[in-house]
Amino acid sequence: MKDRGAKGSSRSDVKLDELWTRALDRAERELGVNCVTQWIRPLRLRSIESDLAVLSASTGFLADWVERNYGLHLLRILQSLAPGLRRITLTVSEADFAPNMGERVAAATNGGHGEGHTPAAQFDYPENTPQTAPGNGYGPVPADEDLQSAPLDPRCTFESFVVGKPNELAHAAARRVAETADATFNPVFLYGGVGLGKTHLMHAIGWHLKRNRPKCKVLFLSAEHFMYRFVQALRFRDTMTFKRQFRSVDVLMIDDVQFIAGKDSTQEEFFHTFNALIDQKKQIVISGDRSPERIDGLEERICSRLQWGLVVDIHPTDYELRLGILQSKAETIAANNPSFEYDPKVLEFLAHRISSNVRVLEGALTRLFAFASLVGRRITLDMTQECLADLLRTADRKVTIDEIKRKVADHYNLRLSDLISARRARAVARPRQVAMFLAKSLTSKSLPEIGRGFGGRDHTTVIHAVRKVEQLRETDSQLADDIELLRRMLEG
Ligand code: ADP
Ligand code: MG
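Residues numbered from 1 in each chain as written. Chains lettered and ligands numbered in written order. Predicted model: local features only at pLDDT ≥ 70, side-chain atom pairs only at ≥ 80, totals over all residues. Heavy atoms only, no water.

Student: Which residues make up the overall build of the protein, and what values go with them?
Tutor: Helix and strand content of the protein: 22 helices and eight strands. When the 492 residues of the protein are sorted by exposure, 51% land in the buried category. The contacts of the protein with a sequence gap of at least 6 include a subset with a gap of at least 24, amounting to 74%. Split by element, the accessible area of the protein, about 23300 Å² in all, is 51% carbon and sulfur. (Helix = DSSP H or I, 4+ residues; strand = E, 2+ residues; numbered from the N terminus. Buried < 20%, exposed > 50% of the residue type's maximum accessible area, 1.4 Å probe, protein only. Contact = heavy atoms within 4.5 Å. Areas by Shrake-Rupley, 256 points an atom, 1.4 Å probe, with all protein chains shown as cover.)

Written as C-alpha cells, this is what we have:
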C-alpha cells in the first residue's frame, strides 16, 4: 500500500491488473455495463494465491453487497481466467481507497485525472451514474457538491417486482410515491422481515423517478449511511453542509431505520431533517424491519411522527408469490443464457421447500444456474436436491442465533454471557467470532441482526468476524473441525 504509486506497479501487480481488466470486460458482457460500473469496478483485485482471490472494497456495505449479489458470478468469471481458483473473498480496506479518493476529489476540482493505472481511475465513474464516489465513500463531502445517493441496483425496478397478496399494499404505496408528486402519504413507512423486498421497492421508486422526473432530487441512503454522514459532518465540523444537503432533496428514502435506534444524536438529527422535509411537503420513504412502535430504542417522537403517515407492512411470502418470483427470475436468467434449461417442477419444489426470504430463493436459483452451467445439463429435480442439499436442510431446520450461541458456549466451555460481553480475550473473542460466522452461514439473519444478537455489536464487527473465521479455517484445522462439528450439531 505505502509504496504503490510512488514506485509504480510491480510485475505481479501488472498481471493482476491485466487479469482484473479482462474480468471486468467479461462481467460487463454478462452483467451489463451499469451493474459493473456501479458495483464491480469500484473493487480492487488485491491478490490471487493458490485457490483464493482476494478483492477489496472501500466500505463494508459495498463488500457485503457484492459478495451477496455477485459473489458466485465473479468467482465463475475469475475462474475462467485463473484456472485453479476456487474461492474469492472480499475484504474491506479503507486504506486501499482513501488516498485515491483524495486524488479523485483533487482531480475533480482541478479538472485533471489521476495517473492511468492507479485505483483512482476505478473511481472515475461517468458523470451521470448514480454514485460518484465522494458522497458514498469515506471523507468529507465537498460543500459545493450534492450528497450522492447510494447506488441503485439496476435489477430492482417495479417491472421486476412480483406482486402477490403479501406485498400488494406495500407495492401500491411505493407506486403511488413514484408516480405522484403530491406527497399525499407522508412519510411512507415500509416494514417487514428480512429479504421481503423493502429495499427493492425503494430502488424501484428511485429508478422510476430518475426516468420520469429526472429533475427530481432523490436521495436514497441506508440509515447506517445517514449516521455515517452525520458523524463525518461532526468530525469535519461541517454540520451546516450536512443539513443543507439533506434538506435540499425532493425525495428522501432511508433504508433500515432500525439501525439508528439507540443512537441518540443521530436520531436527533434525523428527526430535524425529517420534520424540515415534511414541512416542505417533500416526500419521505422509510423502511424498517418491524413496525415503528416495536423498534426498541427508537425515540417516541420519531415513532409517532412515523405513524402520522402511511405505515404498510410486507407479510412473509406465500407459496404463490414465491413461485411467481422464482418463475420471473428463472425467465430472466434463461433469457440471458439460452443454455439454461430446467424442469418447471424444480421451481414448484423450491417454492414449497424454501419458505424463508426471497434472498434465499434467489441464492438457490443462482446456485442452480452456476451448477447447470458447470455440468452443462438441463436442471432436474434430482440435480436440484443434490446441488442444494445443505440449503434444503437448513430450510427444514430453522437454526436460531440463540441455539448457535448455546452450542458454541457449550463447545468452548464458556458462559452464554461471555459471548455477548465486551471481553476481548482471545479465549472468548474467537468462539464469539465462530458463533457470528455460524449465525451468518446458517440463518438468514442480516448482519445488523446478528450484531444485535451478540450484545449489540456493529454489523462491521460481524463482517470482520465472518472474514476472520473464513481465513483462519484455511490454516487452522482444529478450528475447521470445530466449525464442522458445530454445524452438524446445529443442522442435524
Ligand atoms: P429487504 O430489504 O426487505 O430485506 P430486499 O429488497 O433486499 O429485501 O429483497 C431481497 C431480494 O429479494 C432482492 O434481491 C429482491 O430483488 C428480491 N425480491 C424481494 N421481493 C421480491 C419480489 N416481490 N419480486 C421480485 N424480487 C423480489
Ligand atoms: Mg433491505
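Student: Explain the sheet that holds strand β7 (residues 283-288) residue by residue, including any values.
Tutor: Taken together, the five strands give an open sheet; going across it, the order is β5-β6-β7-β4-β8, and neighbouring strands pair in parallel fashion. With one partner strand each, in any of the chains shown, β5 (218-222) and β8 (310-314) form the two edges of the open sheet. For this sheet, the mean angle separating the axes of adjacent strands, direction not counted, is 15°. With five bridges joining them, strand β4 (residues 188-192) and β8 adopt parallel strand pairing. If you follow G192 over to β8, its bridge partner there is I314. Strand contacts of helix α10 (residues 264-279): β6 (251-255) and β7, with the helix running at about 140° to β7, the strand carrying the most contacts. (Pairing = 2+ DSSP bridges. Axes fitted to C-alpha atoms, helices over the stretch in contact; angles between N-to-C directions.)

Student: Break down the pattern of salt bridges for me, citing the residues and quoting the values.
Tutor: This structure, assessed with the given rule, holds 20 salt bridges. When the shortest N-O distance is used, the salt bridge between R175 and E179 registers 3.0 Å. Separated by four residues within a single helix, R175 and E179 lie in helix α6 (residues 168-179), roughly one turn from each other. Look at R175 and you get partly exposed, because its relative accessible area is 24%. (Salt bridge = Lys/Arg side-chain N within 4 Å of Asp/Glu carboxyl O.)

These figures come from the coordinates and say nothing about function on their own.
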